[in-house]
Structures are given as structure tokens and as C-alpha cells.
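Coordinate inspection notes
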Amino acid sequence: MNQGDTNAIEAALRLKEAAGDCEVVLVSMGPDDAINSLRKGLAMGADRATLVSDTGAAGSDIVGTTNVLAAVLTHETPDLILFGQQSADSDGAVLWAAVADRLRQPVISQATSLDLSEGKATVKRQTEYGYDVIEAPLPCVIAVSDGINEPRYPSLKGIMGAKKKPQAIVTLESLGVGAEQAGTAGSRTEVKSLNDPPARGDSQLIEGDGEAAARVLAFLNEKKLT
Amino acid sequence: MNLDLSPEHELIRSTVRDFAESRIGPVAEELDRESRFPYEIVAELADLDLLGLPIPEEHGGAGGDTVSYAIAVEELTRVDASVGVTVAAHTSLGTMPILAFGTEDQHAEWLPQLARGERLAAFGLTEPEAGSDAGAARTTATLDGDSWLINGSKMFITNAGTDISACVTITAVTGEVGGQSEISNIIVPNGTPGYEVSPPLKKMGWRASDTRGLTFENCRVPARNLLGERGRGLAQFLEVLDGGRISIAAMGLGAAQGAYDLAFGYARERQAFGRPISGFQSIQFALADLATEIEAARGLTYRAAWLKDEGREFALAAAQAKLYTGELSNRAVNTALQIHGGYGFMDEYPISRLYRDQKVLEIGEGTNEIQRLVIARQLGLP
């Protein structure tokens, strides 16, 4: 499970602990053994999990993934959809925006705090210079920042109780997602190759010779970066 | 045959490892240097149910199996043996005897607070002049009306003197049967008049754990504090030690893995003669040998835990696991420190602490020699 996802789960659990009567549902798309990642979220305290696992979904790019997740979420009709900041592998930080667009729901990203009341979400959105306060009517999509909370560790009782919680593994067909909407067929991009970024040839190494700070400052002034 | 751990076991490992690395690792050196008992960490362990892991849920524990317990102790010790032994002694030696031999009333009085980790428990067997030779024990308990009058002393006892210690279960001579000492187990609550704990003992390792001498001087506890049958103390503590050896084996495994991981990381960073020392065959072979032996140790330890979970005879497996992991961890910390070179001798490098923490794993809960004795007897040798 991505670290960012645990921030989102923690945020959801805190909302549930404050509000009481609600349910935290984990949704993911992946191979069958991804259920073990979802188990961690169940062990933290989520109520149930739904995993879309289908060979037809393998190779989905963001468009295919969005089609699948939007279908599950349309089925679940949650009041609030929480995402982590970004995945740990591709670091895209766009899936939440694409899913919100597909669902035609408002989206707020980089949430460093989150309150729900009177049918709306109030979020502090972290910016470069401080934060914005943004409100959105529910239902909406919120991507939390990694600074919103410190995710709890699952307790041993939580870990052992997790396997008894409802865990559904569903197929594309059961969601009404056509074969042309997911997997490589439903994707609009194709990865041709992956390479390391080219080495930067124009870097300068400024050694600590007593005047290094002055030389760094002169360089920054020259580039108008001060 | 299936040697895979369950997804729950894997999640327990990743959770405890994450906790140990992020919450204990950063303070382990300071706790060791100050010989300070880690109350904050113990409170967090309680929140994670790690202080009552194998205790049934109806008594306030997490209801986990022995394999889960071994994994948790292994992962804690991989980072800090003081925390590992605090959990192992509290669970296997402090709480387990009460669970195994206690009455319903004793269960209700002690288990919930111990299994939830609000209080800690200790087991007092060793005396200043009697370790595994329990027949030489001198602490006596005399039934006087409706109470036991206890006199004597205990040595090297873990968890007896913390601010949150609840009780110690001691072995005491309660009479004589056929010319032999009759030994019984008795629960002594902390705070009982006549029961005193010494200042913390100064130790080579396990410095953040609580180790004390205990004295009993006309210490009076109610007759109902007898744990199990009168005269069954010897059989009972042998049974307790059989189970305890699994947790000490898990500590040896964790210590060896921790030392290996430190050496592996250092060998890939440290440059000599123009390349990382991990490129040299002498280092590679040392790490290859350790990795191989650690897997053997893991197999022995988990098998002993699994046998216990299956309700099968596990005394031989536990003694073998304890002996093997004790000696392996000694080789592991020695090799790992050697790979660190001069830096390994410096306090700020964790390997120096692991080196000091290791030795007692070959002594506590039965020395290597006693393990060989137990194993030989289990093999049917006269």
C-alpha cells in the first residue's frame, strides 16, 4: 500500500470516529493479491474493501484506471471520496483529478486539514506560500497531503480481525465496464520504453573552500534567482 | 507441505518492523546510554496489543498464535533487544504462568491489566546461588494461618521494579516431601510489605530493560496467591521455561538478523581500495554464511512456535531453537562488528549495542550448556 493511501485511510477513520454513523470502504484495482494490501487498511479500522481484479484490467493507463474506479464509485455512491497524494511507484498525483472529472464531482487536492459539516467539506489546501481554505459541497473528491496526519499502526487485534471483514473481489463485467474501456484496450497511452533521465552536463560543483557561499550567491544573482 | 506464513503473519511482521524502525530505532542508543526504561514505548506497544499478543481475547489479549508472537519478538529485537526482552519476559514469564496455572479469580485479578499492557509482570526463579539448579533454591514460603510468609531473595529478575510492575510469580520452598524440597509458585503483588526490589542492576547489555534483585523479609501474601497446586512449582516452571525458550530463540533470531542487516548496509556504503567493501569476497562469504544460518534459525524457531500452536510436544524444538539462535547471534554480532571495522567499536554505531546485548542470549533462560542437557534428555540419553 502506498504511504499516501495510509494518510487517506487515517483521515477517513478520524472522520468516522468523530461522526460515528458512517462506513469506511476501501476501493482498489489490481491483481488478486492486492487484497493483502487492502487488509492493512482493514486492520487499521476500515469497514470493508472492494478490489477490482480482472485480467481485462491489466495494463490500464490512467484513462482505463479512471473508467474502472469511477464505475466502482458510482456503484458505492459515497458521500466523500478520499485519495492519497500520489502513488509510490509512478508518482503521478493526477488520478484523483481524473476520477473526479469522470464522476463530475468537485475535487480539492493537497488537503492538510479536513472538516465535514452541513453537507460540505472544508479543506485547508497547502500552497507554496501558506494555505487556501476551500469549501466544496458533498459528494466530492479530496486528495490529502502527506502532512495531514500520522497514520496509525494497525493493532494486532485489528490485523487478526481484518480477515473477517467483508472483502469483495469484483470483475469488470459485474461493474458493467466493457472490455474496450479497461486494460490496454481502454488505454490511450502506450509505454514505448523507460529510461533514466539524461545526466546533466552543465552542473557546477562548488567546493567548500571558505568562499563557497559567496560563489553560490554570485551564481544565484547571475541567474536572477535571489 | 506449506512453509508460507499467512498474510496476517506477514502484516504483523511489516507492522512491528515499521514500528520498531520508526519509533524505537531513533531512541535506542539514548535509552541504552542512559539505562532508561522505555515507558513511552511500552505504552505504544500496549496500544498495538503487543503486550498481550498470545493471550486469549477473553482475558484482554489479542488472541494471536505463538508464531505471531515469535515474529513480533524477533522484529523488536532486530532493532532493540531491551524492548524485545521486556515484551518476552512480560508475556512468556510474567503473564503465561498465571494464564496456564491460575484460578478463575487469579485470571480475573491479573490477566486483563497484564494482557492490555497497563501493568507488567515478572517471574522470579533465579536466586543469587541457584539458577537452573532449582533444587538449591533457598527462598521459603511457610503457610501461616491464611497467608504465606515468604523469606529469601531472587536475582536477575526482569520487569519486577518498573513503575508499572504489578506482580512477580516466585518459586519458593514450601516444605519437604521424601527428603526433597517441595517447590510451589506464589504470586507476590508489588507493594506488599516485606517485598523489596534492589536498584536497577548495572549491565553490559539490555540496559534499557528492568533487571533487579528481589528480597523477601517476612513478606506476607494471602494463601490464595498460591499459583497452581502446592508442590507443583518445579513442573510448572519447567513448562513455563519451555515456552519462554521460543521467545528467547526469537530474540536470538532477531539479534542475528539485525546484525546482518547492519553489516549488509554498511558493507555496501563503506569504500576501500576504490570500491564498496561488499565487492570483496571475504565480506561476501561472511554475509552469505550468516544469511544461510539465519534462515536455518528462522526455520527452527518458527517450527517450535508452530508445534506449540498445534498442541504438540515442543520442548525439544524450543531448546534446539534457543541453543542454535543463541550461538548464531553470537557469531552474527561478532562478524557484523568486524565488517564495520573501527566504527563498529564506537557507541554511535548500533552494532556496538547489538554486540553487547547479544551475550545474555546464551545465558538467560538456561545457558547453552543447560540447553544441551535438555536436548540430550529429550533425545533419550541417560
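The rules we used
- Residues numbered from 1 in each chain as written.
- Chains lettered and ligands numbered in written order.
- Predicted model: local features only at pLDDT ≥ 70, side-chain atom pairs only at ≥ 80, totals over all residues.
- Heavy atoms only, no water.
- Buried < 20%, exposed > 50% of the residue type's maximum accessible area, 1.4 Å probe, protein only.
- Helix = DSSP H or I, 4+ residues; strand = E, 2+ residues; numbered from the N terminus.
- Domains from an automatic or database assignment.
- Buried area = accessible area lost by both parts, 1.4 Å probe.
- Salt bridge = Lys/Arg side-chain N within 4 Å of Asp/Glu carboxyl O.
- Polar contact = N/O pair within 3.5 Å; in protein donor to acceptor, adjacent residues only side chain to side chain.
- Nonpolar A, V, L, I, M, F, W, Y, C, P; charged D, E, K, R; others polar.
- Contact = heavy atoms within 4.5 Å.
- Pairing = 2+ DSSP bridges.
- Axes fitted to C-alpha atoms, helices over the stretch in contact; angles between N-to-C directions.
- Core = buried A, V, L, I, M, F, W, Y, C linked by side-chain atoms within 4.5 Å.

1. A short note on helix α2 (residues 35–44) of chain A
Residue and element names in this part refer to chain A.
- Counting buried residues in α2 gives seven out of 10 residues, a clear majority hidden from the surface.
- When we look at burial in α2, the residues that qualify are Ile-35, Leu-38, Arg-39, Gly-41, Leu-42, Ala-43 and Met-44.
- Remark: Gly-45 follows α2 within two positions and exhibits a positive phi of approximately 140°.

2. Regarding the domain arrangement of chain B
Residue and element names in this part refer to chain B.
- In terms of domains, chain B is made up of domain 1 (7–120), domain 2 (121–231) and domain 3 (235–378).
- Between domain 2 and domain 3, the C-alpha centre-to-centre distance is 30 Å.
- Between domain 2 and domain 3, roughly 1000 Å² of surface is buried when both sides are summed, and carbon and sulfur atoms account for 68% of that area.
- For the pair domain 2 and domain 3, the interface holds zero salt bridges.
- Here domain 2 and domain 3 share four residue pairs in polar contact (both at pLDDT 80 or more) between them.
- Grouping the constituent residues of the side of domain 2 that touches domain 3 by class yields six nonpolar, five polar and two charged.

3. Side note on the interface of chain B and chain A
- Opposite the 20 residues of chain B that make contact, chain A presents 13 residues.
- The largest per-residue losses of area from chain B upon contact with chain A belong to Glu-8, Leu-11 and Leu-48 of chain B, which jointly make up 37% of the total buried on that side.
- Measuring nitrogen to oxygen at the nearest pair gives 2.8 Å for the salt bridge that ties Arg-39 of chain A to Glu-8 of chain B.
- The tally of links between chain B and chain A comes to six residue pairs in polar contact (both at pLDDT 80 or more).
- The greatest single-element share of the side of chain B that touches chain A, amounting to nine residues, is contributed by helix α1 (residues 7–33) of chain B.
- Within the side of chain B that touches chain A, the residues separate by chemical class into eight nonpolar, six polar and six charged.

4. Some remarks on the sheet that holds strand β4 (residues 107–117) of chain A
Residues and elements named next belong to chain A.
- Taken together, the five strands give an open sheet; going across it, the order is β3-β7-β4-β5-β6, and neighbouring strands pair in mixed fashion. Strands at the two margins of the open sheet, each flanked by one partner only, are β3 (80–83) and β6 (131–137). On average, each strand axis in the sheet is inclined to that of its neighbour by 40°, with strand direction left out of account.

5. Digging into the nonpolar core
- If you look at the biggest cluster of nonpolar residues, it comprises 87 residues, and the most contacted ones within it are Ile-24, Leu-45, Leu-50, Leu-76 and Met-251 of chain B.
- In terms of residues, this core owes the most to one element, helix α6 (residues 233–269) of chain B, which gives 12 residues.
- For this core, the two domains that each supply at least three residues are domain 1 (7–120) and domain 3 (235–378) of chain B.
- Those residues in contact with Leu-50 of chain B, other than ones at most four positions away along the chain, are Leu-156 of chain A together with Val-16, Leu-45, Ala-72 and Val-87 of chain B.
- Residues Leu-111, Leu-114, Ala-134 and Val-240 of chain B belong to the second largest nonpolar core, which totals 22 residues.

6. Points about unusual backbone geometry
- The peptide bond linking Leu-138 of chain A to Pro-139 of chain A adopts the cis configuration, its omega dihedral lying at 0°.
- Locating Pro-139 of chain A in the fold gives a position in the loop between β6 and β7 (140–144).
- Despite not being glycine, Ala-93 of chain A shows a phi value in the positive range, around 60°.
- Topologically, Ala-93 of chain A is positioned in the loop between β3 and α4 (95–103).
- Residue classification places Ala-93 of chain A among the partly exposed residues on the basis of a relative accessible area of 27%.
- For Phe-273 of chain B, which is not a glycine, the phi torsion comes out positive at approximately 50°.
- Looking at the secondary structure, you find Phe-273 of chain B in the loop between β9 (271–272) and β10 (275–276).
- Accessibility expressed as a relative area gives 82% for Phe-273 of chain B, which makes it exposed.

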